[in-house]
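Next come the chains, spelled out residue by residue.
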Amino acid sequence: MSEPAARLETLAARVAELEAERELTLRLAQTDSLTGLVNRGAFTAELCARLDDAREHGRSVALFVIDLDRFKSLNDTLGHHAGDLLLAEVGERLRADAGPGELTARLGGDEFALITEGRDVAARAQRLLTKLAQPQTIYGRVVSPGASVGVAVFPDHAADAGDLQRFADMALYRVKTRGGRRWSAFDAELSAENARRQTLEAELRRAIPGGEIEPWFQPVIDANTGRITAVEVLARWNHPEQGLLLPAAFVPIAEELGLIGQIDEHIFEAACALAAPWVAEGLIESISCNVSPRDLLDPAFSRKLIGRLARTDLPATALTVEVTETFLLQDFALARRHIERLAAKGIRIALDDFGTGYSNIRALMSLPIQTVKLDRSLIEAVGRDARVSKLVSAMLHAARALGVRIVAEGVEHEAQALFLRAAGCDRMQGYLFARPMPAAKVEAHLRGSPLIDLAMPSTPALARRRHG
Ligand code: C2E
Ligand code: CA
Ligand code: CA
């Protein structure tokens, strides 16, 4: 072979190599490494392409979103490796079951998807459920996780990929809230809900700059004196037609729309401005603000909060930030960085809703947390369920030993307050003392008399005699 020809050949070989490498990189970028299925990015692109094609040829396309039931608990009890094995097996079953022209994908976590044609949707969904419900053995244990499926069809339900995914998700969510292990398609009921949500979305976008969302305050009481020592800031929406809306009616949708950051920022600034004089005059020690789980996932969260606080007259030591444990454990390293940064400024951290999750006490104890808020579900059972009462007593005892302050939330009955106080809990919050109220009203209380005079006898025996 002549020299130029040989050179050309090496060059061609090199080009082929590069081509293969490029293909591999491309394929890897499009596949989920655990299951080998298409990943979310590639799936969305493929869904758009298929809808374009269907539009052109007058065909229909069905989207199935699949979510495993009880995956989280299996993952927690059997470990992450077992969880991975389970996900890989589900991927394998979906692949083996897929017919020609169908596309299966892993969207992330325990969520999968199937794109197929829009005919015989019920039969296809049923087959999918049956396949996924078959038991499998992991580490010698037979598990059958089962799945829930939500379906939306183009063009019957939605005209584009975004709506199709959203509607299939809505159908899935409905199945999940009704216990799972079933499939459901988008329908008139969900369509009406979607319309309601869209109205709410438009109203919410207008409400934030319009000042319709404002901070209310719920007093935290010193059980020994009945005096207010702190207030928790709770958002309320003064809706022009619907009246006063609670966070449950708008916080979840605001989170979904990415508007919760704006709401929290507004509530935070307004609350600090209102409460700074109360702190300055010594009427309360501190105010507590809730932060959305989403906020803590923002790497700049703590820096932003410190910056915002500096623009108000509230001293850092008078601010408590309430975070929930479920959320802390989601990205513990990041949460730790935020919490340590806030603590370094003198801001206090409270662990909210304590007693509702699977507490990883050891991890939590490694954080600079000064306050733990016992969840209403525990307080509700106090005095009614002897085991819960004992547990709460033990928690209070442990908290004292660790120098952690406990606030009991959702105290509604005097008997609960008496029990808690006798067990050594001196901070309480709940309807027994005061409901959340607007700034003007809480200020009147702060300047007036104690909210409630429990006049509680100091020993449990006396308490029983007086109230039992
Ligand atoms: P949370 O932080 O656990 O707040 C306590 C909730 O319990 C409040 O509900 C309060 O009104 C209610 N509560 C207090 N005492 C009692 C009682 O004795 N009995 C009963 N049944 N309930 C009581 P609310 O105001 O509806 O807030 C619900 C949740 O919304 C809050 O739970 C908090 O997680 C979230 N939230 C409230 N405001 C904001 C905010 O500005 N930003 C963010 N991100 N979340 C907020
Ligand atoms: Ca709270
Ligand atoms: Ca709480």
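Predicted model only: the values in this text are computed from it and were never measured.

*Asks:* Got a minute to help me understand the overall build of the chain in this structure?
*Replies:* Within the chain, the secondary structure is distributed over 19 helices and 16 strands. When its C-alpha atoms are laid out on the principal axes, the chain stretches across 100 × 50 × 50 Å. Burial status across the chain gives 45% buried among its 468 residues. The contacts in the chain between residues at least 6 apart in sequence include a share of 68% that link residues at least 24 apart.

*Asks:* Help me understand helix H9 (residues 260-280) in this model?
*Replies:* Given 3.6 residues per helical turn, the α-helix brings residues three or four places apart onto the same face. An ideal rise of 1.5 Å per residue puts 30 Å on 21 residues; H9 measures up with 29 Å between its terminal C-alpha atoms. What H9 keeps buried is the set Ile260, Ile263, Asp264, Ile267, Phe268, Ala271, Cys272, Ala275, Ala276, Trp278 and Val279. Once H9 finishes, Gly282 follows within two positions and takes phi at roughly 75 degrees, a positive value.

*Asks:* Mind showing me how you'd approach the coordination of the calcium ion (ligand 3) here?
*Replies:* Donor atoms from the polypeptide that coordinate the calcium ion (ligand 3) comprise Asp352 (OD), Asp353 (OD), Glu409 (OE) and Glu409 (OE), at 2.2 to 2.5 Å from the metal. Written as a sequence motif, the donor arrangement for the calcium ion (ligand 3) is D-D-x55-E. Look at Asp352 and you get buried, because its relative accessible area is 7%.

*Asks:* For this particular structure, what's the right way to read the site of ligand 1?
*Replies:* For ligand 1, the set of nearby residues contains 21 residues, the closest of which are Ala235, Arg236, Asp264, Glu412 and Tyr431. Glu232 places a side-chain nitrogen or oxygen 3.1 Å from an oxygen atom of ligand 1. One nitrogen or oxygen atom from the side chain of Arg376 is found 3.1 Å from a nitrogen atom belonging to ligand 1. Relative to its unbound accessible area of 800 Å², ligand 1 is 82% covered by the protein chains. According to the grid-proximity analysis, the pocket containing ligand 1 is the largest pocket. Within the residue set of the shell around ligand 1, elements represented by two or more residues are strand S9 (228-239), H9 and strand S13 (348-354). With four residues, S9 is the largest single contributor of residues to the shell around ligand 1. Residue composition of the shell around ligand 1, by class: eight nonpolar, five polar and eight charged.

*Asks:* Explain empty space enclosed by the protein to me, please; I cannot follow it from the model alone.
*Replies:* Overall, the coordinates contain two cavities of 30 Å³ or more when judged by the stated rule. The calculated volume of the second largest cavity comes to roughly 30 Å³. Around the second largest cavity sit Val291, Ser292, Pro293, Leu296, Glu322, Val323, Thr324 and Phe327, which together line it. With three residues, the top contributor of residues to the lining of the second largest cavity is strand S12 (residues 319-324). Within the lining of the second largest cavity, the residues separate by chemical class into five nonpolar, two polar and one charged.

*Asks:* Please explain the layout of surface pockets as it appears in this structure.
*Replies:* Considering only enclosed or pocket space, the largest pocket measures out at about 1500 Å³ in volume. Lining the largest pocket are 49 residues; nearest its centre among them are Glu232, Leu234, Pro247, Asn290 and Asp352. Ranked by residue count, the leading element in the lining of the largest pocket is H9, at seven residues. Looking at the lining of the largest pocket, its residues break down into 23 nonpolar, eight polar and 18 charged. Estimates place the volume of the second largest pocket at around 830 Å³. Residue lining of the second largest pocket: 21 residues in total, with Tyr173, Arg197, Pro252, Ile253 and Glu256 positioned closest to the centre. Of all the secondary-structure elements, those providing two or more residues to the lining of the second largest pocket are helix H6 (161-177), helix H7 (188-207) and helix H8 (247-256).

*Asks:* What should I look at first to understand the coordination of the calcium ion (ligand 2) in this one?
*Replies:* In an ideal octahedron of six donors the angles at the metal are 90 or 180 degrees, and in an ideal tetrahedron of four donors they are 109.5 degrees. Coordination of the calcium ion (ligand 2) by the protein is provided by Glu232 (OE), Asn290 (OD1), Glu322 (OE) and Asp352 (OD), with metal-donor distances spanning 2.1 to 2.3 Å. Coordination of the calcium ion (ligand 2) draws on donor residues from a single chain, spaced E-x57-N-x31-E-x29-D in sequence. Taken as a pair, the calcium ion (ligand 2) and the calcium ion (ligand 3) lie 3.9 Å from each other and share Asp352 as a ligand. A residue pair is termed long-range when its members are at least 10 positions apart, and Asn290 in strand S11 (residues 286-290) and Asp352 in strand S13 qualify at 62 residues.

*Asks:* Could you clarify how one ought to interpret the side chain of Ser148 in this entry?
*Replies:* Summarising the element assignment, Ser148 is placed in strand S6 (residues 147-154). Polar side-chain contacts of Ser148 include one of 2.7 Å to the side chain of Asp69. Excluding residues within four positions of it along the chain, Ser148 makes contact with Val65, Ile66, Asp67, Asp69, Leu172, Val175, Lys176, Gly180, Arg181 and Arg182.

*Asks:* Just to check I follow, could you spell out the sheet that holds S6 for this structure?
*Replies:* Think of a sheet as strands paired side by side through backbone hydrogen bonds, with each pair either parallel or antiparallel. Reading across from one edge, S2-S3-S1-S6-S7 is the order of the five strands in this open sheet, with mixed pairing throughout. Either end of the sheet is taken by a strand with one partner, and the two such strands are strand S2 (103-108) and strand S7 (183-185). Taken over all neighbouring pairs, the strand axes of this sheet differ in orientation by 20 degrees on average, direction set aside. Against the sheet, helix H4 (residues 80-97) contacts strand S1 (61-68), S2 and strand S3 (111-117), and its axis sits at roughly 5 degrees relative to S3.

*Asks:* Which parts of the structure should I look at to understand the pairing of S13?
*Replies:* Residues in a regular strand project their side chains so that they alternate between the two faces of the sheet. Among the seven residues that make up S13, five are buried, leaving the element largely enclosed by the rest of the structure. Alignment of S12 against S13, held across five bridges, turns out to be parallel. Considered in S13, the bridge of Thr324 is made with Asp352. Pairing geometry for S13 and strand S14 (residues 371-374), over three bridges, is parallel. Bridge pairing in S14 links Phe354 to Leu374.

*Asks:* I keep staring at the side chain of Glu322 and nothing clicks. Help me out?
*Replies:* Looking at where Glu322 falls in the secondary structure, it is placed in strand S12. Only 3.2 Å separates the side chain of Glu322 from the side chain of Ser288, close enough to count as a polar contact. With residues up to four places along the chain from it excluded, the contact list for Glu322 reads Glu232, Ser288, Cys289, Asn290, Val291, Ala350, Asp352 and Lys373.

*Asks:* When you look at the packing of helix H2 (residues 40-57) against H6 in this model, what are you seeing that I'm missing?
*Replies:* Relative placement of two packed helices is described by the angle separating their axes and the distance separating the axes. Contact geometry of H2 with H6 gives a least axis separation of 10 Å together with a crossing angle of 115 degrees. Where H2 abuts H6, its residues Arg40, Phe43, Thr44, Leu47, Cys48 and Leu51 lie against Ala161, Leu164 and Gln165. Broken down by class, the residue content of the contact of H2 with H6 amounts to six nonpolar, two polar and one charged.

Thresholds applied
Residues numbered from 1 in each chain as written. Chains lettered and ligands numbered in written order. Predicted model: local features only at pLDDT ≥ 70, side-chain atom pairs only at ≥ 80, totals over all residues. Heavy atoms only, no water. Helix = DSSP H or I, 4+ residues; strand = E, 2+ residues; numbered from the N terminus. Buried < 20%, exposed > 50% of the residue type's maximum accessible area, 1.4 Å probe, protein only. Contact = heavy atoms within 4.5 Å. Expected span 1.5 Å × (residues − 1). Donors = N, O, S within 2.8 Å, 3.2 Å for Na, K, Ca; no water. Near = heavy atom within 4 Å. Polar contact = N/O pair within 3.5 Å; in protein donor to acceptor, adjacent residues only side chain to side chain. Areas by Shrake-Rupley, 256 points an atom, 1.4 Å probe, with all protein chains shown as cover. 1 Å grid on protein atoms, 1.4 Å probe; cavity = no way out; pocket = protein on both sides within 12 Å on 5 of 7 lines; lining within 4 Å. Sits in = over half its atoms within 2 Å of the grid points. Nonpolar A, V, L, I, M, F, W, Y, C, P; charged D, E, K, R; others polar. Points joined across faces, edges and corners; volume = space filled by probe spheres on them. Pairing = 2+ DSSP bridges. Axes fitted to C-alpha atoms, helices over the stretch in contact; angles between N-to-C directions.

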